[in-house]
Amino acid sequence: MFSKRLARILCVILFVLINIALLSISAKHPHRYTIVDRVVMAGIVPFQEGVTRTMHFCESMWHHYFYLVAVREECDRLKGMLAGAQMEKSRYLESELACQRLRKLLEMKSEVPHRMLPARVVGLDPSGWFKTVFINKGTGDGVSNGMAVIASGGIVGRVIGASGRYAKVLLIIDRSSAIDALVQRTRSRGIVEGETSESCRFKYIVRKADIKIEDTVISSGLDGLFPKGLRVGAISEISRPSSGLFQEVKVRPFVDFTRLEEVLVILE
Amino acid sequence: MVGLSAVVAQTTILRIPLFHAVFYDLLIPLVVFLSLNLPDKKGVLVVLILGLIMDLLSGGIFGLYLSIYFWIFLWVKSVSKYFDVCDTIFQSVLIGVCVFGQHIIFCISVAAPYQLLAAQTGSVLLQTVFAALTGPGILMLLGRLQTRFETHSSGTEREIGNYVIR
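Residues numbered from 1 in each chain as written. Chains lettered and ligands numbered in written order. Predicted model: local features only at pLDDT ≥ 70, side-chain atom pairs only at ≥ 80, totals over all residues. Heavy atoms only, no water.

**Quick look at the overall build of chain A**
Of regular secondary structure, chain A possesses three helices and 12 strands. The buried share among the 268 residues of chain A stands at 33%. Long-range contacts, defined as pairs at least 24 residues apart, comprise 55% of the intrachain contacts of chain A with a sequence gap of at least 6. Total accessible area on chain A stands at roughly 17,400 Å², and carbon and sulfur atoms take up 61% of it. (Helix = DSSP H or I, 4+ residues; strand = E, 2+ residues; numbered from the N terminus. Buried < 20%, exposed > 50% of the residue type's maximum accessible area, 1.4 Å probe, protein only. Contact = heavy atoms within 4.5 Å. Areas by Shrake-Rupley, 256 points an atom, 1.4 Å probe, with all protein chains shown as cover.)

The structure is reproduced here in structure tokens:
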């Protein structure tokens, strides 16, 4: 009755309709968890898990061991960067400290009404018994014998020899150095002589002179070397012997000679 | 060259507070070495030049280093006639005595008061002991330098000689 071709077409249409009907039923009940699902899950997922774990293991191996070569390189690079940064930090710190010192010198320069020349300490005396330093300014820069040298704290010493580019400065703590000075508060006069690295002797202070510990000693300007009013040091010790005309006084210089780096030479 | 290097080191690195108390005048072992190994005229000339340089750099009385080095040179020369100069203990004592003697002369030259003496005593003793301990080593080092220099010089002369012959 029906030809074979017609029967095949009808079959296809029937299957399509059945398929649509089943999809419609399934769409009405989404996420249904059947026993088939469980069986499939129980059978497949362990393999999935195994494969995934193996993949993670391999990935982990790569990242933690083989990739360490790259990490090492990165580490070396970062260490280099860190060292560079530390060097730079040190340089900045040094610059800042130099800036502070120079600022103090500049303040000093503006306080003292004389023409001054900044210089750097480049060498020290070869023996511990004599106290001299070398500065990097000489006759070519206008420096000559007898010129006063000061730092931010106060008087450093005087020039005792100069070549074209360098000069030798006798510090006030040297035994052969002497400055005509006076106590700022009471105007008592005396001579400050070098004694040890930490202190000077303030000689010829009469017994009746009113002086106290921590009184400031300044240059009197009468020696013709140091301008009047430059700070020398503070009185650190006073003793009045039972006999004699004078008191025995010690002065602690304001300048720290162990850390002397920059100085000013008074050119006039 | 060795002397000049020692002079520069002494006026820069070795004067910082860290080394100041321990390091002695490094030219003393050099003067002792020159006295023991160089002919009189040549040795005296080098010693006087070194003394002159040190005097120019120092704030002390001019001629102090010159005199000290000169007398050390002569003293070591005369003492070496009676003792075995290769003996380490002898060298050690010799350099220790020289360093101590130099400090005594400095002390007299500055007419050091009690306070300065008290401040310097520890440093002087430490330097003397350090000089006695390290002095023989410096002498040995200088001896090796001299040997190497002489070998190099004689080798160069031989090469020059061969060149001329050819």
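Further notes follow.
**Overview of the nonpolar core**
Within the largest apolar cluster, 47 residues are counted, with the highest numbers of intra-cluster contacts made by A:Ile150, A:Val156, A:Phe202, A:Leu260 and A:Val265. Counting residues in hydrophobic clusters, the runner-up holds 38 residues, among them B:Ile28, B:Leu30, B:Val31 and B:Val79. (Core = buried A, V, L, I, M, F, W, Y, C linked by side-chain atoms within 4.5 Å.)

**As for the sheet that holds strand E7 (residues 189-194) of chain A**
Residues and elements named next belong to chain A. With antiparallel pairing, the six strands of this closed barrel are ordered in space as E6-E7-E8-E11-E10-E9. The mean inter-strand angle of the sheet, taken between neighbouring strand axes irrespective of direction, is 40°. The sheet contact formed by E7 and strand E8 (residues 200-206) spans four bridges and is antiparallel. Looking across to E8, one finds that Gly194 is bridged to Cys200. (Pairing = 2+ DSSP bridges. Axes fitted to C-alpha atoms, helices over the stretch in contact; angles between N-to-C directions.)

**What about the side chain of B:Gln91?**
All names here are of chain B. Of note, Gln91 is situated in helix H6 (residues 88-109). For Gln91, a relative accessible area of 13% gives the class buried. The contacts of Gln91, once residues within four sequence positions are left out, are Val85, Cys86, Pro136 and Leu139.

**A closer look at a nonpolar patch on the surface**
Residues and elements named next belong to chain A. On the surface, Trp62, Tyr65, Phe66, Tyr67, Leu68 and Val71 cluster together to form a nonpolar patch covering roughly 660 Å² of accessible area. Contributions of two or more residues to the nonpolar patch are made by helix H2 (35-66) and helix H3 (68-111). Ranked by residue count, the leading element in the nonpolar patch is H2, at three residues. Within the secondary structure, Val71 is located in helix H3. Exposure remark for Val71: the relative accessible area of 37% places this residue in the partly exposed category. (Patch = residues over 30% accessible without salt bridge, like charges linked within 9 Å, V, L, I, M, F, W, Y side chains within 5 Å. Salt bridge = Lys/Arg side-chain N within 4 Å of Asp/Glu carboxyl O.)

**A look at the pattern of salt bridges**
Residues and elements named next belong to chain A. Tallying each qualifying case throughout the model produces 12 salt bridges over all chains. For Arg189, the salt bridge is made with Asp180, and the minimal N-O distance between the two is 2.7 Å. Given the relative accessible area of 9%, Asp180 is considered buried. One salt bridge connects Glu214 with Arg252, and the closest N-O pair in it is separated by 3.4 Å. Remark: Arg252 occurs in strand E11 (residues 246-253) and Glu214 occurs in the loop between E8 and strand E9 (216-219); sequence separation between them is 38 residues. Glu214 gets classed as partly exposed once you look at its relative accessible area, which sits at 47%. Salt bridges here are not isolated pairs; linked through shared partners, they connect Arg185, Asp210 and Asp215.

**Points about the interface of chain A and chain B**
On the chain B side, the residues contacting the 17 residues of chain A number 27 residues. Between chain A and chain B, roughly 2,000 Å² of surface is buried when both sides are summed, and carbon and sulfur atoms account for 62% of that area. Its largest share of buried area at the contact with chain B, chain A owes to A:Pro126, A:Trp129 and A:Phe130, together 42% of the area lost on that side. Inspection of the chain A/chain B interface yields zero salt bridges. At the boundary of chain A with chain B, the tally comes to two residue pairs in polar contact (both at pLDDT 80 or more). Looking at the side of chain A that touches chain B, the elements that each hand over two or more residues are strand E1 (116-124) and strand E2 (132-135) of chain A. Per element, the largest residue contribution to the side of chain A that touches chain B is three residues, and it comes from E1(A). Grouping the amino acids of the side of chain A that touches chain B by side-chain chemistry returns six nonpolar, five polar and six charged. (Buried area = accessible area lost by both parts, 1.4 Å probe. Polar contact = N/O pair within 3.5 Å; in protein donor to acceptor, adjacent residues only side chain to side chain. Nonpolar A, V, L, I, M, F, W, Y, C, P; charged D, E, K, R; others polar.)

**So, the packing of aromatic side chains**
Considering all chains together, one arrives at eight aromatic pairs over all chains under this definition. Geometrically, the ring pair formed by B:Phe23 and B:Phe130 is edge-to-face, given 5.4 Å between the ring centres and 80° between the ring planes. Of the two residues, B:Phe23 sits in the loop between helix H2 (17-20) and helix H3 (27-37) while B:Phe130 sits in helix H7 (residues 114-165), which places them 107 residues apart along the sequence. Residue B:Phe23 is classed as partly exposed on the basis of its relative accessible area, which comes to 24%. Between B:Tyr24 and B:Phe130, the aromatic rings sit 6.1 Å apart at their centres with planes inclined by 70°, giving edge-to-face as the arrangement. Separated by 106 residues along the polypeptide, B:Tyr24 in the loop between H2 and H3 and B:Phe130 in helix H7 bring together distant segments of the chain. On the accessibility criterion, B:Tyr24 (3% relative accessible area) is buried. Judged by its relative accessible area of 24%, B:Phe130 is partly exposed. Taken together, the ring pairs in this structure connect A:Phe130, B:Tyr65, B:Tyr69 and B:Phe106 into an aromatic cluster. (Phe/Tyr/Trp six-rings, centres within 6.5 Å; stacked < 30°, edge-to-face > 60°.)

**A few points about the packing of H3(B) against helix H4 (residues 40-57) of chain B**
All names here are of chain B. As a packed pair, H3 and H4 sit with axes 10 Å apart at the nearest point and diverge in direction by 165°. Accordingly, the angle class assigned to the pair H3 and H4 is roughly antiparallel. Handedness of the crossing formed by H3 with H4: left-handed. Residue-level contacts link Leu27, Leu30, Val31 and Leu34 of H3 to Val46, Val47, Leu50 and Met54 of H4. Considering only residue class, the contact of H3 with H4 consists of eight nonpolar, no polar and no charged. (Parallel < 35°, antiparallel > 145°, perpendicular 65-115°, else oblique. Left-handed = near helix turned anticlockwise from the far one by under 90°.)

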